[in-house]
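Tertiary structure, described
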Amino acid sequence: MTRSRLKKVTRTSGFSLVEMLIVAMIIIILTAGAIIQIKPMLKASRADAAVSYSLNQIRLARERAIDERRLMRVTFTAPQTIFMEYQFTDPVSKTVSYLPVTLQAGQTGAGIVTLPYDMNFIVPPTKPASAPDLIGSQTTALDFYCAGSACAGTALYFNPDGSITNVNNDPVQGVVYMARTGDELSARAVSFLGPTGRAKAWRFLRVPSPPAATPTQWAQQ
């Protein structure tokens, strides 16, 4: 009697092949759904990281220029590199040059920063009616202006008084744009004001109608 019961239990324990296939299909469906949900979040996270890198380098250069009483230079290089340097005067030859920023104990922020792999310095795929802080025309990734006119160059100079100028020592204000090619929602921007050195981060938004008159806009982060 006991042996018969033991055999019966042995035959009915465990999972059948059909049950295992059903469980596997459920796991696959749940995993696919999670991937679909996570992918847009990862893209948005990389876009936010790109604008944070750019904003932080501008703020860090300004802080170092003020703290160290020296000129700092930040150069934006396509497609996705930000290069920070400091002005150095040779004590013997009095030659002025710019050297890469290197980290010392207790310092944060590297001299060379690269945007996430899929983000580049490019104009926004879709241009809202107004640029961030109403600066520029949104026609170039590095939209810099001196005395109200577009000024060329990819470098910003940060002075000990906190102001930002161009290579000719003219006060400069502008916007740095970055985005993922063909993805308007990934567009981000950093605006800065030369006389004060103040910088702000922006993100592209598509506003559902109404209001139909402003379907897209820049919103400060």
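Notes on the structure follow. (Residues numbered from 1 in each chain as written. Predicted model: local features only at pLDDT ≥ 70, side-chain atom pairs only at ≥ 80, totals over all residues. Heavy atoms only, no water.)

1. Points about the overall build of the protein
From N to C terminus, the protein includes two helices and 12 strands. Start at the N end of the protein and walk to the C end: the helices and strands fall as α-α-β-β-β-β-β-β-β-β-β-β-β-β. Expressed as a percentage of the 221 residues in the protein, the buried residues total 37%. (Helix = DSSP H or I, 4+ residues; strand = E, 2+ residues; numbered from the N terminus. Buried < 20%, exposed > 50% of the residue type's maximum accessible area, 1.4 Å probe, protein only.)

2. Overview of the state of the cysteines
Such a bond, covalent and formed between the sulfur atoms of two cysteines, is termed a disulfide. Going through the model one piece at a time under the given rule, you end up with one disulfide. Through a disulfide, Cys 146 is tied to Cys 151; the S-S separation comes to 2.3 Å. A torsion of 70° about the S-S bond marks the disulfide between Cys 146 and Cys 151 as right-handed. The exposure class of Cys 146 is buried, given its relative accessible area of 9%. Exposure remark for Cys 151: the relative accessible area of 16% places this residue in the buried category. (Disulfide = S-S within 2.5 Å.)

3. Concerning unusual backbone geometry
Of the consecutive residues Ala 78 and Pro 79, the connecting peptide bond is found in the cis state with omega at 5°. Looking at where Pro 79 falls in the secondary structure, it is placed in the loop between strand E1 (72–77) and strand E2 (81–89). Here the phi dihedral of Gln 138 falls at roughly 60°; this positive angle occurs in a residue that is not glycine. Mapped onto the secondary structure, Gln 138 falls in the loop between strand E4 (112–114) and strand E5 (142–146). Judged by relative accessible area, which is 4%, Gln 138 ranks as buried.

4. Details of the nonpolar core
Core analysis: the largest hydrophobic core is formed by 34 residues, its most contacted members being Phe 76, Phe 144, Phe 158, Met 178 and Phe 192. Breaking this core down by element, the ones donating at least two residues are helix H2 (17–68), E1, E2, E5, strand E7 (155–158), strand E9 (172–180), strand E10 (183–192) and strand E11 (199–206). A per-element tally of this core places H2 first, with eight residues. (Core = buried A, V, L, I, M, F, W, Y, C linked by side-chain atoms within 4.5 Å.)

5. As for the sheet that holds E10
Reading across from one edge, E6-E5-E9-E10-E11-E12 is the order of the six strands in this open sheet, with antiparallel pairing throughout. Each edge of the open sheet is held by one strand with a lone partner, namely strand E6 (149–150) and strand E12 (216–220). Relative to E10, E9 is paired through six bridges, and the arrangement is antiparallel. Residue Met 178 lies in a different strand from E10, and its bridge partner there is Arg 188. (Pairing = 2+ DSSP bridges.)

6. Topic: the pairing of E1
Of all six residues making up E1, five are buried, and the element is well covered by its neighbours. If you look at the hairpin formed by E1 and E2, you'll find three residues sitting between the two strands. In the sheet, E1 pairs with E7 via four bridges, with the strands oriented antiparallel. Bridge pairing links Arg 73 to Tyr 157 in E7.

7. Considerations on the side chain of Gln 138
A polar contact is formed between the side chain of Gln 138 and the backbone oxygen of Pro 128, at a distance of 2.9 Å. Here the side chain of Gln 138 touches Trp 218 through a polar contact of 2.9 Å, side chain to side chain. When neighbours within four sequence positions are excluded, Gln 138 is seen to be in contact with Val 123, Pro 124, Lys 127, Pro 128, Ala 129, Ser 130, Ala 131, Asp 143, Tyr 177 and Trp 218. (Polar contact = N/O pair within 3.5 Å; in protein donor to acceptor, adjacent residues only side chain to side chain. Contact = heavy atoms within 4.5 Å.)

8. Overview of the pattern of salt bridges
Applying the stated rule across the entire model yields 10 salt bridges. As a salt-bridge pair, Arg 70 and Glu 68 come within 3.1 Å of each other at their nearest N and O atoms. (Salt bridge = Lys/Arg side-chain N within 4 Å of Asp/Glu carboxyl O.)

9. Overview of the packing of aromatic side chains
Counting across every chain of the model gives five aromatic pairs. Considering the side-chain rings of Tyr 98 and Tyr 157, the 5.9 Å spacing of their centres and the 75° angle between planes classify their relative orientation as edge-to-face. Of the two residues, Tyr 98 is situated in strand E3 (residues 96–100) and Tyr 157 in strand E7; the sequence distance between them amounts to 59 residues. Comparing Tyr 98 with Tyr 157 shows no difference in burial state: the two are buried. Relative to Trp 218, the ring of Tyr 177 has its centre 5.7 Å away and its plane inclined at 45°; by these criteria the two rings are tilted. Placement of the pair is Tyr 177 in strand E9 and Trp 218 in strand E12, with a sequence separation of 41 residues. Residues Tyr 177 and Trp 218 agree in their burial class; the two are buried. (Phe/Tyr/Trp six-rings, centres within 6.5 Å; stacked < 30°, edge-to-face > 60°.)

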